[in-house]
Amino acid sequence: PGWAGPLLASSFAVAYAAFLASGCTNDRRWRWLRARPPSSAVVLMHVCKRVQLRAAALAIGASASGVFLALSVPPSPRAASAPLFTFGIIADVQWADAEDGSNYDRTVVRHYRGAFRTLQRAVDWWRALPEPPSFIAQLGDIIDGVNVRLGQSAPALEAALSELRRAPCPSVNLVGNHELYNFDRRALAAAGWLRHGDREYYSFSPAAGWRVVVLDPYQLALIGHAQDDPRRLAAVELLRRKNPGVHPSGSGGAWFEGVRGYDRRFVPYNGGLGEEQLRWLRSELAAASAAGERVIVLCHVILEPRACGGSTMAWDYEEALEAVRSGEAGGCVAAVLCGHDHSGKYHCDDAGVHHCTFSSPLNKGDEGCAFGVVHVFADAIEIRGPRVDDALPIVRGGKPTGRPAARRCAADAFSGECESVRLPLRPAAR
C-alpha cells in the first residue's frame with residue numbers, strides 16, 4: 001500500500017540510529033556499517049540476526065494522523081564482555097638457519113630453526129582467531145646474532161618479517177640486543193619495520209582510555225652506536241665504574257668477575273634507557289595519568305629484577321621503576337611486558353603492576369608454544385595461548401613465580417580452545 005514506503009523508511013532511520021547507539025558497531029565485523037550507512041532495512045535485520053540482539057523490541061502504533069515507531073535495542077551481552085582491545089605477544093624468536101646451538105655458558109640448547117617454525121605457528125594461530133588482534137607485540141631479538149657469522153643477517157630478518165606480514169594485523173617491533181649485533185643504529189634508522197630506529201621509543205593509543213609506551217633499552221649501550229656517539233661514550237664510562245671487567249669494545253674481558261647481586265646487569269648484552277628517554281617516560285606517564293588513561297609498557301630488557309634471574313635488567317632500571325611508581329604517574333601503569341630473559345618470569349609488585357617476562361621460542365623449538373594473545377579489560381588483563389606456561393611460566397627454577405594458575409578455556413568468540421591466565425588490575429590512584 002501507499003503508506004508502506006514512508007513507514008519502512010522512517011522505521012529504518014530510527015532502527016539504524018538505535019543500532020549505532022547500541023554498541024554493536026564496536027564489533028570489527030560491523031564497522032563498515034557505521035562508515036557507510038546502508039539504504040535497506042534488510043541489511044539491518046541481517047546485522048541484528050548476526051549480532052543476536054535478542055532483547056530488541058519493535059512496537060508500531062497507528063493513529064488517524066500517522067504512524068508511531070519505537071525501537072529498543074539494549075547492548076548485547078557479548079559486547080559488554082568483550083575486551084577493550086587485544087594484541088598478540090611473542091619475544092626473542094632469535095632464529096637462524098643453523099643447527100641447534102647453546103646459550104653463552106652452554107647450559108641451555110637453542111633451537112634456531114625450531115624457533116622460526118614456532119613463529120610460523122604463532123602467525124597461523126593469530127590468523128585463526130575469530131577476532132583479529134589490534135597488533136602483534138614482537139618484543140625484540142627476532143633474529144639471532146649468529147647470523148652475522150653466517151652472513152645471513154638480511155635474509156634471516158626478511159624471512160621473519162615475511163612471517164609477521166602474514167599476521168592479520170600490523171606488528172610493533174622492539175629493538176633488542178640481537179638486532180644491534182646484526183645491524184647498527186644507522187641501518188635501523190632507515191628500517192621500514194621500525195618506527196624510528198635510532199631512538200625507538202614512542203607511544204600510541206590502541207583504544208580509548210589506554211596508552212602503550214614502547215621503550216628502547218639500548219639508548220645507552222656498547223652495541224649499535226658509532227664509536228664517537230655520546231650514548232656509547234656514556235655507556236663506556238658507566239661500565240668502567242660499575243664493571244671494570246668489561247672491555248670498552250664490548251667483547252672480551254671477565255664480565256662477571258668481582259660483580260655481585262644486581263650489579264651483574266652491567267654487561268654488554270644489557271643497556272640503559274638514558275636520561276633523555278627517562279625524562280620522556282616521566283612526561284608520558286604524567287600525561288596518561290592526567291588524561292585518565294591506563295598504560296602498558298613494552299620493553300625488551302626487564303625493568304623489575306624479580307621478573308627475571310636478577311642479571312638481565314636495564315642498567316638504569318631503578319630510575320625507570322621510580323617513574324612507573326611516581327606520584328605523577330598516579331598508578332596508571334597496568335603492566336610491563338618484556339623479553340630478553342629466555343626462561344621467562346612473572347612478578348606482581350606492591351603497586352599491583354604486572355611484570356611479565358615472556359619466554360623465548362628457542363627453549364623448546366618445535367615442541368613449544370611460546371606465544372599468545374593479551375586481552376585487555378577495564379579490570380583485568382587476560383593472557384591466552386595454546387600453553388600459557390610455555391610463554392609465561394608459573395614456576396622457574398623449581399620455585400613458583402606468583403603467576404595465577406592457568407585454566408582451560410573453551411572455544412569462544414575470541415579464540416579457539418586454549419589456556420588462560422587472568423591478571424586483575426587495581427584501580428589507578430587518580
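One can find the structure itself at the top, above this paragraph.
About the criteria used
Residues numbered from 1 in each chain as written. Predicted model: local features only at pLDDT ≥ 70, side-chain atom pairs only at ≥ 80, totals over all residues. Heavy atoms only, no water. Salt bridge = Lys/Arg side-chain N within 4 Å of Asp/Glu carboxyl O. Helix = DSSP H or I, 4+ residues; strand = E, 2+ residues; numbered from the N terminus. Buried < 20%, exposed > 50% of the residue type's maximum accessible area, 1.4 Å probe, protein only. Pairing = 2+ DSSP bridges. Axes fitted to C-alpha atoms, helices over the stretch in contact; angles between N-to-C directions. Phe/Tyr/Trp six-rings, centres within 6.5 Å; stacked < 30°, edge-to-face > 60°. Lys NZ or Arg CZ within 6 Å of the ring centre and 35° of its normal. Core = buried A, V, L, I, M, F, W, Y, C linked by side-chain atoms within 4.5 Å. Contact = heavy atoms within 4.5 Å.

Trainee: Report on the pattern of salt bridges, specifying residues and quantitative values.
Mentor: One pass over the full model with this rule turns up 31 salt bridges. Here Glu-304 and Arg-325 are joined by a salt bridge, their closest N and O atoms 2.9 Å apart. Of the two residues, Glu-304 sits in the loop between strand E10 (294-299) and helix H12 (317-324) while Arg-325 sits in the loop between H12 and strand E11 (333-338), which places them 21 residues apart along the sequence. Here Glu-304 falls in the buried class, since its relative accessible area comes to 2%. A relative accessible area of 40% means that Arg-325 is categorised as partly exposed. Between Asp-412 and Arg-384 there is a salt bridge, and its shortest N-O distance comes to 3.0 Å. Separated by 28 residues along the polypeptide, Asp-412 in the loop between strand E18 (407-409) and strand E19 (418-424) and Arg-384 in strand E15 (residues 380-385) bring together distant segments of the chain. You can call Asp-412 partly exposed: its relative accessible area is 31%.

Trainee: Can you lay out the sheet that holds strand E13 (residues 354-357) for me, pointing to particular residues and giving the numbers?
Mentor: The sheet built from six strands is open, its strands ordered E8-E9-E10-E11-E13-E12 with mixed pairing. The sheet is open, and its two edges are formed by strand E8 (202-207) and strand E12 (345-348), each paired on a single side. Along the sheet, successive strands turn relative to each other by an average axial angle of 15 degrees, direction set aside. As judged from the four bridges shared by E11 and E13, these two strands associate in the parallel manner.

Trainee: So what about the packing of aromatic side chains? Which residues, and what values?
Mentor: In this description, an aromatic ring pair is defined by two values, namely the gap between the centres and the angle between the planes. Tallied over the entire structure, the rule returns 10 aromatic pairs. Both rings, one in Phe-85 and one in Trp-210, keep their centres 5.9 Å apart while their planes meet at 70 degrees; by these two values the pair is edge-to-face. Of the two residues, Phe-85 is situated in strand E3 (residues 85-90) and Trp-210 in strand E9 (residues 210-214); the sequence distance between them amounts to 125 residues. Exposure class is identical for Phe-85 and Trp-210. Each is buried. An aromatic cluster of three or more residues is present, and its members are Phe-85, Phe-87, Phe-135, Phe-204 and Trp-210. For Arg-195, the ring lying beneath its charged end belongs to Tyr-202, and the centroid distance is 4.0 Å. Taking the ring centre of Phe-377 as reference, the NZ or CZ of Arg-422 above it sits at 4.8 Å.

Trainee: Hey, could you go over the nonpolar core for me, with residue numbers and the actual values?
Mentor: Counting residues in hydrophobic clusters, the biggest one holds 69 residues, and the most contacted among them are Trp-126, Leu-215, Leu-285, Val-295, Leu-303 and Val-333. Residue assignment for this core shows that the elements contributing at least two residues are helix H5 (112-128), helix H7 (153-165), helix H11 (274-290), E10, H12 and E11. In terms of residue count, H5 provides more of this core than any other element does, eight residues in total. Once you skip the residues sitting within four places of it in the chain, Trp-126 turns out to touch Gly-88, Ile-89, Ile-90, Pro-133, Ile-136, Leu-164, Pro-168, Phe-371, Gly-372 and Val-373. Judged by nonpolar contacts, the second largest core, of 33 residues, contains Phe-135, Leu-174, Leu-337 and Val-388.

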